[in-house]
Amino acid sequence: MATDRQFGFNLVDPAHYAKHGYPHDTWTKLRAEDPVYRWTETEGMPFWAITKHADVTEISKQPDIFLNGPRLTISHLAEEPRMDAFPDTLIQMDNPKHRAFRKMISSRFTPRALKKIHGPIEQIGKEIVDALIVDKEEGEVDFVEAVSAPLPIAVIGWLLGVPKSDWPLLFDWTNKIIGASDPDFQQQGKDVMESAQSTMIELFTYFSKLVEEKRKKPDDNLVSLFTQLEFEGKPLDPMDVLAWCLIIVVAGNETTRNATSGGMLAFVENPGEIRKLQSDPSLLSASVEEAVRWTSPIIHFARTPTRDYELRGKTIKKDESVALFYGSANRDEEVWEDPFTFRIDRGKNPHLGFGIGEHFCVGSHLARLEMAVAYKHLLPRIEEIELAGPVERLQSALVGGVKKLPIRYKLRPA
Ligand code: HEM
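Here is what the cut-offs are and how they apply
- Residues numbered from 1 in each chain as written.
- Predicted model: local features only at pLDDT ≥ 70, side-chain atom pairs only at ≥ 80, totals over all residues.
- Helix = DSSP H or I, 4+ residues; strand = E, 2+ residues; numbered from the N terminus.
- Near = placed C-beta within 6 Å.
- Nonpolar A, V, L, I, M, F, W, Y, C, P; charged D, E, K, R; others polar.
- Contact = placed C-beta atoms within 7 Å.
- Axes fitted to C-alpha atoms, helices over the stretch in contact; angles between N-to-C directions.
- Parallel < 35°, antiparallel > 145°, perpendicular 65-115°, else oblique.
- Left-handed = near helix turned anticlockwise from the far one by under 90°.

Chemist: So, unusual backbone geometry: which residues are in play, and what are the values?
Modeler: For the peptide bond that leads from G69 to P70, omega is 5°, which places it in the cis range. Position of P70 among the secondary structure elements: in the loop between strand 3 (66-67) and helix 4 (97-105). With omega at 5°, the peptide bond leading from N95 into P96 counts as cis. Mapped onto the fold, P96 is located in the loop between strand 3 and helix 4. Even without a glycine there, the phi angle at E232 is positive, about 50°. Within the secondary structure, E232 sits in the loop between strand 5 (230-231) and strand 6 (234-235).

Chemist: Hey, could you go over the site of the ligand for me, with residue numbers and the actual values?
Modeler: Among the 29 residues in the neighbourhood of the ligand, the closest are listed as G252, G355, H359, C361 and G363. Of all elements in the fold, only helix 11 (238-269) and helix 15 (364-378) reach the threshold of two or more residues within the shell around the ligand. The element that contributes the greatest number of residues to the shell around the ligand is helix 11, accounting for seven residues. For the shell around the ligand, the residue count by class is 19 nonpolar, nine polar and one charged.

Chemist: Give me the lowdown on the environment of E320, citing residues and values where you can.
Modeler: Mapped onto the secondary structure, E320 falls in the loop between strand 9 (314-316) and strand 10 (322-325). Excluding anything up to four places from it in sequence, E320 contacts W48 and P305.

Chemist: How would you sum up the environment of G161? Please name residues and give values.
Modeler: When you line up the elements, G161 lands in the loop between helix 7 (150-160) and helix 8 (167-178). Leave out the neighbours within four places in its chain, and G161 touches K214, D219, N221, L222, V223 and S224.

Chemist: Tell me about the packing of helix 8 against helix 11, residues and numbers included.
Modeler: Interaxial distance between helix 8 and helix 11 falls to 9 Å at its minimum, and their mutual angle equals 85°. With respect to their mutual orientation, helix 8 and helix 11 come out roughly perpendicular. Across the interface between the two elements, L170, W173, T174, I177 and I178 of helix 8 pack against V249, V250, N253 and E254 of helix 11. Its residues placed into classes, the contact of helix 8 with helix 11 shows six nonpolar, two polar and one charged.

Chemist: Which residues make up the packing of helix 8 against helix 9 (residues 192-216), and what values go with them?
Modeler: As a packed pair, helix 8 and helix 9 sit with axes 9 Å apart at the nearest point and diverge in direction by 150°. The angle between helix 8 and helix 9 places the two elements in the roughly antiparallel class. Handedness of the helix 8/helix 9 crossing: left-handed. For the pair formed by helix 8 and helix 9, the contact residues are L169, W173, K176 and I177 on the first element and S195, A196, T199, M200, E202, L203 and Y206 on the second. Considered class by class, the residues forming the contact of helix 8 with helix 9 number seven nonpolar, two polar and two charged.

Below is the structure:
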């Protein structure tokens, strides 16, 4: 029987991800030798590491056996950070509440709803990319700072109805909540939990004011919608209104930022794929899918079973935590012939980057649109591109973040 020590990488330790990136060697070994593996070598709680596509799918599709509560991530710390003082957001809920809450907003994020706002989103993306390339033949830039961070912030800020002057706040809060384990984003003198908590208080204070403004003067934006929602025939609890603001800010930013950056890094490392896209622009949406598969920005989410469950001859006991490793599922040799190749012309790409089943990402179509806009306006212009310095990664076992992606590029004439 395998022991954790042989893997040399703690799958839930944020520092390991910052230093080494994704543990593909460990995941590959686990998929081959022990895909439902009880991981015990951690100061935090032991957990089942689920690494195969079929198993992540099987678990995700049984939301009444595998709950999202009471924890969504596995902590490596002896004392598990808890946010009990804060209301649950959509992704922390289970049925029947989850289904009722998801229905409240899902129609705003369908492809048909997005068609109506395609124009303004394309414009936001084009302006950001134009600022990088207009009137330039060549340049050097941090792609995260120039494109992949501002784009989702602007789109989410615009959708929520946050004034443009406050968009930098959204950027700061997302960094501090998702990157709470990263020393660059932790508030001074505070630990992971204190840092995330005080940022959430700042965010809630800000949105409380905005919610009041939108109640008085409603418009088409999401915050106005949140103020008008009802649950079981009554107006939504004010804390649940704030929880909606929180989940959209947090879920919509960091993930899209990192998928866009990680995809760009893959293009830099595989310039042949840029040429492919240049000669066949119809590959744009397949490029976005491959970028999401390749980067798998969410490293893991957890589930907790309500009863004992047999999987590949193992018994996962009631209440034992299970970690779904999306990045591993997205390299499963049983699903892709060449999973370790970044290839934008895959016919079928059933990746789990956006999850699957009950909690499948509400914002997947929005994220796809944002990424498509960024690549569409930038990649056709690239003549040459290379890394201009080291890639810096976020210290997090939840989101595989790229903090810095310095690139040097030469453009083709427009
Ligand atoms: C490339 C970008 C993105 C990635 C990789 C991503 C990934 C994910 C994943 C893995 C889940 C959990 C799915 C599951 O448990 O099966 C999720 C849920 C969610 N995502 Fe995204 N996401 C992205 C962008 C967005 C955006 C732009 C929004 C903004 C609206 C968003 C909002 C949500 C919400 C609200 C949930 C919770 C859904 C539920 O619990 O029913 N995401 N996302």
